[in-house]
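Fold and contact review
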Amino acid sequence: MLEILAITTPIFLLIGAGYLAMGTRLVNREQMQGVATFVLYFALPALVIRAVTQNPLDEVLQPHYLLAYGLGSLAVFAFALLLTLGLQRKPLSEGAIHALGMSASNSGFIGFPVAAMVLGASPAAVFLALNMLIENLLIIPAALILAEVGRQRGAGIATVARKTLFRLIRNPILVGLALGLLLAVTDTTMPRPLAQAVDMLANASGPAALFVIGGTLFGLQVRGMMNDVGQIVAGKLILHPLAVLGVFLLMPEADPALLAGALLFACAPMISVFPLLGQRYGLAGVSAATLMVATLAAFVTLSLAIGLMKAYGLLPTG
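The present account deals with the structure reproduced in this document. Keep in mind it's a predicted model, so treat the numbers as computed, not measured. (Residues numbered from 1 in each chain as written. Predicted model: local features only at pLDDT ≥ 70, side-chain atom pairs only at ≥ 80, totals over all residues. Heavy atoms only, no water.)

**Side note on the packing of aromatic side chains**
Scanning the entire structure with this criterion turns up seven aromatic pairs. Seen from their ring centres, Phe127 and Phe265 are 6.5 Å apart, and the 65° between their planes marks the pair as edge-to-face. With Phe127 in helix α7 (residues 121-151) and Phe265 in helix α12 (residues 256-266), this residue pair connects regions lying 138 residues apart in the sequence. (Phe/Tyr/Trp six-rings, centres within 6.5 Å; stacked < 30°, edge-to-face > 60°. Helix = DSSP H or I, 4+ residues; strand = E, 2+ residues; numbered from the N terminus.)

Right, dumping it as structure tokens:
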């Protein structure tokens with residue numbers, strides 16, 4: 001147990017540092033947003049570029065991982081839609097945002113730092129690149145397209161899909177992934193000063209990302225929303241990892257290393273921009289409260305998941 005806490009406690013101490021910095025007014029919202037912009041536009045793209053260029057391409061592009069993690073995430077997404085639309089009779093926009101919260105992990109700001117401490121920075125960066133493909137090209141577009149169709153009643157789904165995908169392809173992390181793949185495919189080596197700059201930016205991504213998450217949590221309220229909040233949090237922290245595990249176990253000769261990485265990322269709370277996306281569809285309070293509860297609860301669920309993975313031999317016990 002002490003070994004597990006030694007892994008998870010530093011992560012949540014960094015989150016606490018960001019929360020404390022906001023609480024003591026050492027930094028304000030604008031300054032915290034500046035750190036978030038640095039992480040999103042510089043540190044995480046550099047991390048993805050390094051992962052793709054410093055590892056053999058056949059080790060980066062793992063079709064079994066993409067298939068298993070993608071199908072597991074889609075299964076949870078579909079379940080959430082069935083629950084919210086079919087059983088609870090919620091509007092399409094609300095159901096789509098609930099589905100997004102349950103099936104899209106905060107891979108960059110929490111999944112990677114956790115995986116880096118457990119598995120090492122290099123394999124964690126490869127998993128980050130794979131997850132960014134699944135989340136930014138599959139789960140997030142599906143949720144936003146459905147939410148927009150629900151909000152713009154009468155709008156053609158093809159028009160909404162085209163506009164949504166056009167916004168998503170400008171995502172800086174996907175741009176970094178494309179650059180990294182281009183360098184890897186053409187066997188181009190970056191000049192040493194540029195490579196060192198990319199390396200320095202990549203090393204800054206984990207701590208800065210966790211600090212931003214802590215600052216984001218400051219001031220969020222949970223009152224009066226516990227039914228929806230509890231439903232989304234349980235879906236994300238329990239159902240999503242179980243679904244990913246289930247798909248992996250159905251695949252022949254599942255690689256334990258890939259399964260370990262997939263579970264660590266699936267156990268992360270929902271994407272950090274969840275409140276911003278929820279706000280667009282009238283769910284600002286619920287989505288913000290959900291992010292706070294899920295991030296705090298993840299301290300327990302991640303510790304439990306790491307303990308179980310060690311017990312079943314997916315992670316080294318030493």
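**Topic: unusual backbone geometry**
Phi at Arg25 is positive, roughly 60°, even though this residue is not glycine. Relative to the assigned elements, Arg25 resides in the loop between α1 (2-23) and α2 (29-53). The class of Arg25 is exposed, set by a relative accessible area of 77%. Positive phi, normally seen in glycine, also occurs at Arg89, with a value near 55°. Considering the arrangement of structural elements, one finds Arg89 in the loop between α4 (63-87) and α5 (92-103). (Buried < 20%, exposed > 50% of the residue type's maximum accessible area, 1.4 Å probe, protein only.)

**Quick notes on α4**
Between its terminal C-alpha atoms α4 stretches 34 Å, which fits the 36 Å expected from 25 residues at 1.5 Å a residue. By the burial criterion, the buried members of α4 are Tyr65, Ala68, Tyr69, Gly70, Gly72, Ser73, Val76, Phe77, Ala80, Leu81, Leu83 and Thr84. For α4, the elements touching its buried residues are α5, α7, α11 (226-250) and α12. Count one or two residues on from α4 and you reach Arg89, which has phi positive near 55°. (Expected span 1.5 Å × (residues − 1). Contact = heavy atoms within 4.5 Å.)

**Examining helix α10 (residues 192-217)**
In this model, α10 (26 residues) spans 38 Å end to end at C-alpha, consistent with the 38 Å of a helix rising 1.5 Å per residue. Of the positions making up α10, those classed as buried are Val198, Ala202, Ser205, Gly206, Ala208, Ala209, Leu210, Val212, Ile213, Gly214, Gly215 and Leu217. Immediately downstream of α10, the backbone of Gly219 shows phi near 85°, a positive value.

**Here we look at the pattern of salt bridges**
Inspection of the entire model under this criterion finds three salt bridges. As a salt-bridge pair, Glu94 and Lys90 come within 3.3 Å of each other at their nearest N and O atoms. A relative accessible area of 17% means that Glu94 is categorised as buried. A relative accessible area of 19% places Lys90 in the buried class. Among the salt bridges present, the one from Asp228 reaches Lys90, with a minimum N-O distance of 3.3 Å. Residue Asp228 is located in helix α11, and its partner Lys90 is located in the loop between α4 and α5; the two are separated by 138 residues in the primary sequence. In this pair, the class of Asp228 matches that of Lys90, namely buried. If you follow the salt bridges from partner to partner, you end up with Lys90, Glu94 and Asp228 in one network. (Salt bridge = Lys/Arg side-chain N within 4 Å of Asp/Glu carboxyl O.)

**Side note on a nonpolar patch on the surface**
Together, Leu67, Leu71, Leu74 and Leu138 make up an exposed nonpolar region whose accessible area comes to about 310 Å². When residues in the nonpolar patch are grouped by element, the largest group, three residues, is from α4. Examined against the element boundaries, Leu138 turns out to sit in helix α7. In this structure Leu138 comes out as partly exposed when scored by relative accessible area, which is 31%. (Patch = residues over 30% accessible without salt bridge, like charges linked within 9 Å, V, L, I, M, F, W, Y side chains within 5 Å. Areas by Shrake-Rupley, 256 points an atom, 1.4 Å probe, with all protein chains shown as cover.)

**Regarding a positive patch on the surface**
Side chains of Arg162, Lys163, Arg167 and Arg170 sit close together on the surface and give a patch of like positive charge. Along the polypeptide, Arg162 turns up in helix α8 (residues 157-168). Of the residues examined, Arg162 reaches a relative accessible area of 54% and is grouped as exposed. (Lys, Arg positive; Asp, Glu negative; His and termini not counted. Charge placed at Lys NZ, Arg CZ, Asp CG, Glu CD.)

**Section: the nonpolar core**
Judged by nonpolar contacts, the single largest core of 98 residues is most densely connected at Tyr65, Tyr69, Leu100, Leu128, Phe248 and Phe265. At 14 residues, the largest contribution of residues to this core is made by α7. Ignoring anything within four residues of it in the chain, the contact list for Tyr69 reads Ser105, Asn131, Ile134, Glu135, His240, Val244, Phe248, Ala262, Phe265 and Ala266. (Core = buried A, V, L, I, M, F, W, Y, C linked by side-chain atoms within 4.5 Å.)

**As for the side chain of Thr84**
Along the chain, Thr84 turns up in helix α4. For Thr84, a relative accessible area of 0% gives the class buried. Engagement of the side chain of Thr84 in a polar contact is seen with the backbone oxygen of Ala80, the distance being 2.8 Å. (Polar contact = N/O pair within 3.5 Å; in protein donor to acceptor, adjacent residues only side chain to side chain.)

Interpretation note: all reported values are geometric properties and have no functional meaning in isolation.
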